[in-house]
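Notes for the structure review
This is what each chain is made of:
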Amino acid sequence: MDISTIILTLVWGVAIGCVYILLATGLNIIFGVMKLVNFAHGQLLMIGAYLTWTLTVTFGLNAYLAIVFTMPIVAVLGIAVERLTFRRILGTDKLNEIFISLGLIYIFENVALLIWGDRSKQIISPFNNMILDLSSISITYDRVVAVVVVVLALVAFGLLIKKTKIGLAMQATSQKDTAAQLMGVNIEKIYMITFALGAALAACAGGLYGIIFSFNYQIGAMPTIIGFAIIILGGLGSIKGAIVGGLLYGIAEQLATLFLGGIWGSAVAFALLIVVLIVRPKGIFGVKGE
Amino acid sequence: MQKKLLAIVVVLIIAVSAVAAWQLVPQTSAREIRIGLVAPISGQPLGQDMSRAAQLAVDEINAAGGIYVAAWGAYAPIKLISIDTVDDSPGNAVTPVKREVESGNVDLLIGGYGSAGTLANEVIAIDNKVPYIITGASNALVTRRGPQGNYGGLSSTDSQAITDADGMSYIFHYCTVTYDYGKTVVDFCNEVMKPMVAPDRDFRLAILYRNDAFGTGVEKATKYWIETENLPIMLIERAYDPKATTYQTDITAIADNNPDAVLIVDNPDKTPTIIKQGLNDVGLKTVYFAVENNQDPTFYSLLGSTGDKQMLEAKSDPFQNPSYLPAIQTYLMNFTEAYDVMPGVNGAVTYDAFFIAKDAIERAGTLDKAAVRDALEATNLPQSLLITKTGRIQFDTGINYHEINALTFMEQLTWNAPMDTLRAQIVWPATAPGISNFKQTDFVLPDNYVAGHP
């Protein structure tokens, strides 16, 4: 096995990790600010993929432009979900959150089945089948664009958190919601914005997922599990942790696939998660108490 | 009083006339014939195809009067009992079948999609002696796991082996089996591709397969035929987690072994992704074979122009128009008219199975399960949507127990740019029983094909 094969494997790891980073970041801010565990987050990714597909097929939009339109639509859907379901049980037993999110999984999947049918789909981008050939490494343009989109989305998200009043209010709410409330922060509004942002990031991840992979109404489950693994690995509530966790997960999975075979990829990645939790229970960048 | 008497007489006359008229009209129903469709209806796109095809067959049979049951002296309609196995995992595939079978709600079962789920739920039919025509699962163990099939090569004490010979006799396999998949691919590679790309060395065939009953079944069968026929083919093997979505690293590992062709064993929603990742991401410019369950609209639409000159195994092609078989054209027309979507191959085979069941019940003359089992075993019908090596539908009673010896063939895909669609043409074998001009074109290597090397 030559070095180019290993380099190529690392490239796949980064490319795969990127889409999951976006999903995990959304999950993480929702958990960080609202302390809410939403198992239906992957279904927002699925809806994002379908809406992007619909905009490209029905209106002939460029797939990447369609993602830009999809994000606010899914954000509004996220607001509706937050206001109609999670807001009503926030602060009550955690089991209530879990059962609501499990119920939402079934609702989203069946609505998607009714609207878009049972056949798998894939979003055709303007770069479909175009390959960037770098001597020993070839990679599709769509993968490169996906990495760029994820970096841009994370930079924009980072600026929003660090440089805007809303971002500061989100950070304050994340640290101590009652204190933030006493300082005049409308935490219900912050919860709504947080959920909308998380949903928009999931929609962006969904659009990119649908360009790279085929998808159907059932694709939400696995990315959610991986998303949770990534944020636990990186540290609950930490955006930096989600990025590092996503890359580590993707690279560990692909290296295990290369050296041990495809059936070991996920097993080794999740074993890494267990090892990290044993050595550092709060995750790599986690804050004590999360 | 007279009026009252007159009214009674009139009522009596009407009643007697009604009874007489009912006697004159051929009776259509003593009771319904309850056929259970075992399919992942809510959990797998291919299950929907099976469900639609089953409903189409039932509607056609019932519209023609139903099934004649001699013991009743009457025609009876079929009542379709949908048995939804959700995602068809062994955990979900058993309970729904158990519920319907043990409550006595089904006379016969048709369907069975995934091999793992079907191997689990057929045990219910075996234990309760209910005839079960399996139309989806391709693992040969489905009918060979009993004494008649020499336990499929397993020990009789193996957990998968069934020692109840009588129970096993209720299971019938109306579809291709993994041994057919393996044989078709290795024979095609040896007869057609090897002389073109590797005349002076062993042909290098890679197999990339799901690590489940379906994938390992095809892998074992492929290896079996290479060894049994002593073919000059070197097999490069690679398994992956069925839940995986990315395959570049596995394909990269395969590419390191310089294959002449790659056989992919997965379903229509995954196989196109694997081919695309192989050709575009990894840059492995070779011939990719998709196994026959990919004969589905999803496969064609997801693969798109990337599929140009790639290969698809087939047991039936419901998309050809004009077709190599008139029956397929009729099925395609009726299916699209009924559902406004294109049919897939699993549905086509399931559709056939209802007519096989009808024929068996009519010959048995009763719904007695042992009699229906005997009639199924004696089936001798002309081939329908699925073509066979003899041109007839007959269930084997030898070592290939209760299989129908399906003829699996090879199609090459061509991208039709003006029509913006992928089309398939038969390239191998040259002939098939009862079909003139079976082979439609010659196999050609893809434009950018790079042959493997040791």
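A short tour of the structure in this document, coming up. These numbers were taken from a predicted model, which means no experiment stands behind them. (Residues numbered from 1 in each chain as written. Chains lettered and ligands numbered in written order. Predicted model: local features only at pLDDT ≥ 70, side-chain atom pairs only at ≥ 80, totals over all residues. Heavy atoms only, no water.)

1. As for the overall build of chain A
- If you tally the helices and strands in chain A, you get eleven helices and two strands.
- For chain A, the sequential pattern of α-helices and β-strands runs α-α-α-α-β-β-α-α-α-α-α-α-α.
- For 290 residues, the compact-globule formula gives about 19 Å, and the C-alpha radius of gyration of chain A, at 19 Å, lands near that figure.
- When the accessible area of chain A is evaluated, it comes to approximately 12,400 Å², of which 72% is carbon and sulfur surface.
- The average position of the 17 basic charges and that of the 12 acidic charges among the side chains of chain A differ by 11 Å. (Helix = DSSP H or I, 4+ residues; strand = E, 2+ residues; numbered from the N terminus. Rg over C-alpha atoms; globule rule 2.2 N^0.38 Å. Areas by Shrake-Rupley, 256 points an atom, 1.4 Å probe, with all protein chains shown as cover. Lys, Arg positive; Asp, Glu negative; His and termini not counted. Charge placed at Lys NZ, Arg CZ, Asp CG, Glu CD.)

2. Topic: the nonpolar core
- Residues A:Leu22 and A:Leu208 are the most contacted members of the largest nonpolar core, which totals 106 residues.
- Ignoring sequence-local partners within four residues, the contact set of A:Leu208 consists of A:Val19, A:Leu22, A:Tyr64, A:Ile67, A:Ala146, A:Val149 and A:Val150.
- Formed by 59 residues, the second largest nonpolar core is a distinct cluster that contains B:Ala54, B:Val69, B:Ile78 and B:Ala432. (Core = buried A, V, L, I, M, F, W, Y, C linked by side-chain atoms within 4.5 Å. Buried < 20%, exposed > 50% of the residue type's maximum accessible area, 1.4 Å probe, protein only. Contact = heavy atoms within 4.5 Å.)

3. Re the sheet that holds strand β11 (residues 287–290) of chain B
All names here are of chain B.
- Strand order in the open sheet made by the seven strands is β9-β8-β10-β11-β12-β15-β16, with mixed pairing throughout. Of all the strands in the sheet, the pair left with one neighbour each is β9 (233–240) and β16 (421–428). Sheet twist, expressed as the average angle between the axes of neighbouring strands with direction ignored, equals 25 degrees.
- Pairing analysis gives eight bridges linking strand β8 (residues 203–210) to β9, with the strands arranged parallel. Bridge assignment links Leu205 to a residue of β9, and that residue is Leu235.
- Together, β8, β9, β10 (261–265), β11, β12 (311–314), β15 (409–416) and β16 form the strand contacts of helix α8 (residues 178–197), whose direction differs from that of β8 by roughly 150 degrees. (Pairing = 2+ DSSP bridges. Axes fitted to C-alpha atoms, helices over the stretch in contact; angles between N-to-C directions.)

4. Examining the packing of aromatic side chains
- According to the stated counting rule, one finds 26 aromatic pairs over all chains in the structure shown.
- On the numbers, 5.7 Å between centres and 35 degrees between planes, the contact of A:Phe86 with A:Phe195 is tilted. Remark: A:Phe195 occurs in helix α8 (residues 187–212) and A:Phe86 occurs in helix α3 (residues 63–89); sequence separation between them is 109 residues. Like A:Phe195, A:Phe86 is buried.
- Here B:Phe172 and B:Phe395 contribute two aromatic rings whose centre-to-centre distance is 5.0 Å and whose plane-to-plane angle is 70 degrees, an arrangement assigned as edge-to-face. With B:Phe172 in strand β7 (residues 171–173) and B:Phe395 in the loop between β14 (392–393) and β15, this pair connects stretches of sequence that are 223 residues apart.
- B:Phe172 gets classed as buried once you look at its relative accessible area, which sits at 0%.
- Residue B:Phe395 is classed as buried on the basis of its relative accessible area of 5%.
- By the ring-pair criterion, three or more aromatic residues cluster together here, those being B:Tyr331, B:Phe335, B:Tyr339, B:Tyr351 and B:Phe355.
- One cation-aromatic arrangement involves B:Lys183 over B:Trp225; the distance from NZ or CZ to the ring centre is 4.9 Å.
- Between the NZ or CZ atom of B:Arg373 and the centre of the ring of B:Tyr170, over which it lies, the distance is 4.7 Å. (Phe/Tyr/Trp six-rings, centres within 6.5 Å; stacked < 30°, edge-to-face > 60°. Lys NZ or Arg CZ within 6 Å of the ring centre and 35° of its normal.)

Remember, this is a structural readout, not a statement about activity or role.
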